[in-house]
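Now for the letters of each chain:
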Amino acid sequence: MELPLVVGIDGSEHSLRAVDWAADEAAVRGVPLRLVHAASREGGDDLPLADVRGGPSAGELADSVVDIAARRAHRRDGNLKLSVRISDEDPVPALLREAHDAVALVLASRGRGRLVELLLGSVSLGLAAQAGCPVIVLRGSHDNQARAGTRQRVVVGVPEQRFPAAVRFAVDEAERRHVVLEAVRVWRRPLHGTGAAGHRPGEHTDGHERRAADGLASAVRDAVADRPSVEVLKQVVEGAAHLVLLDASTRADLLVIGARRGHGPHLGRVAHTLLHHSACPVAVVPRPA
């Protein structure tokens, strides 16, 4: 069975914009789109108008949320294969379960009720760390669409540790969009020089930069070996990774980073910063523990 692209919805305008983006992404990928609405009925405020005397029930409101999102998705692409899931449990376990059989999970950066906690608080980081597929959080001004974008560029952060999954994901996205791929490797100047006799000034840091450039070239070469149509711009930058990638997000339609799974519901400083402050959507791609 063909795996779907999954998008979490809660009825807010931000989640409907995520539906727009996800519908475009599903069409570009040629995969089905699945709309998932999850809201606990126990003490939550996800559906604040539910069960008010004379008002619609929680189930009726959930049906309405999904129906509106489905019609919006079909307005983006009338030929889109669409399915829906409605759950009365909290969003985290519901979306994690859906992520087991998905090509990617798309989330808005703002919502309502417990989904606000999911997307803006520590739980969002846990979801990105635990999901079994790439998680795309729609930060920044993504203009409701994924097909072309305004900046014509996908950026991927390439860490020192070998991590082909994130680079391959970024290559695929750049190829689908017919845009430039910017691959960024960040390196840091050593805090102290070696002090060894015979070393020329700057030799030690030159070595760090050269190794960073060599590592970046190798990672990109392996990922684009069978994708000659993808134009790659390689950047080796000295600095703090979270700051360098934040700056790169201002010139990208999508920023791709990797995350190690298997260490609990936590991500590192770089992912944490980008998921909260990036100027464009962020794709967190898992790698094996």
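Up top you'll find the structure we're talking about.
Described in the following lines is the structure provided in the data block. (Residues numbered from 1 in each chain as written. Predicted model: local features only at pLDDT ≥ 70, side-chain atom pairs only at ≥ 80, totals over all residues. Heavy atoms only, no water.)

**Some words on the sheet that holds strand β8 (residues 232-238)**
Backbone-to-backbone hydrogen bonds join strands into a sheet, with any given pair of strands oriented parallel or antiparallel.
Next, step 1: Taking strand neighbours across the sheet as the criterion, the 10 strands line up as β3-β2-β1-β4-β5-β10-β9-β6-β7-β8 in an open arrangement whose pairing is mixed. Edge positions in the sheet fall to β3 (82-87) and β8, since each of these pairs with one other strand and no more. Across the sheet, the mean angle separating the axes of adjacent strands is 20° when strand polarity is ignored.
Next, step 2: As paired elements, strand β5 (residues 135-138) and strand β10 (residues 282-287) share 3 bridges and run antiparallel to each other. Opposite Ile-136, over in β10, you have Ala-283 as the bridge partner.
Next, step 3: The sheet strands contacting helix α1 (residues 13-29) are β1 (5-9), β2 (33-38), β4 (104-108) and β5, and the helix crosses β1 at an angle near 170°. (Pairing = 2+ DSSP bridges. Helix = DSSP H or I, 4+ residues; strand = E, 2+ residues; numbered from the N terminus. Axes fitted to C-alpha atoms, helices over the stretch in contact; angles between N-to-C directions. Contact = heavy atoms within 4.5 Å.)

**Considering the pattern of salt bridges**
Next, step 1: All told, the structure shown has 19 salt bridges when counted by the stated rule.
Next, step 2: Asp-20 is the partner of Arg-72 in a salt bridge, and the nearest nitrogen-oxygen pair spans 2.9 Å. Pair noted here: Arg-72 is in helix α2 (residues 58-76) and Asp-20 is in helix α1, with a separation of 52 residues, a long-range link. You'll find Arg-72 and Asp-20 in the same group, each marked buried.
Next, step 3: Notably, a salt bridge pairs Arg-153 with Glu-182, separated by 2.8 Å at the nearest N-O pair. (Salt bridge = Lys/Arg side-chain N within 4 Å of Asp/Glu carboxyl O. Buried < 20%, exposed > 50% of the residue type's maximum accessible area, 1.4 Å probe, protein only.)

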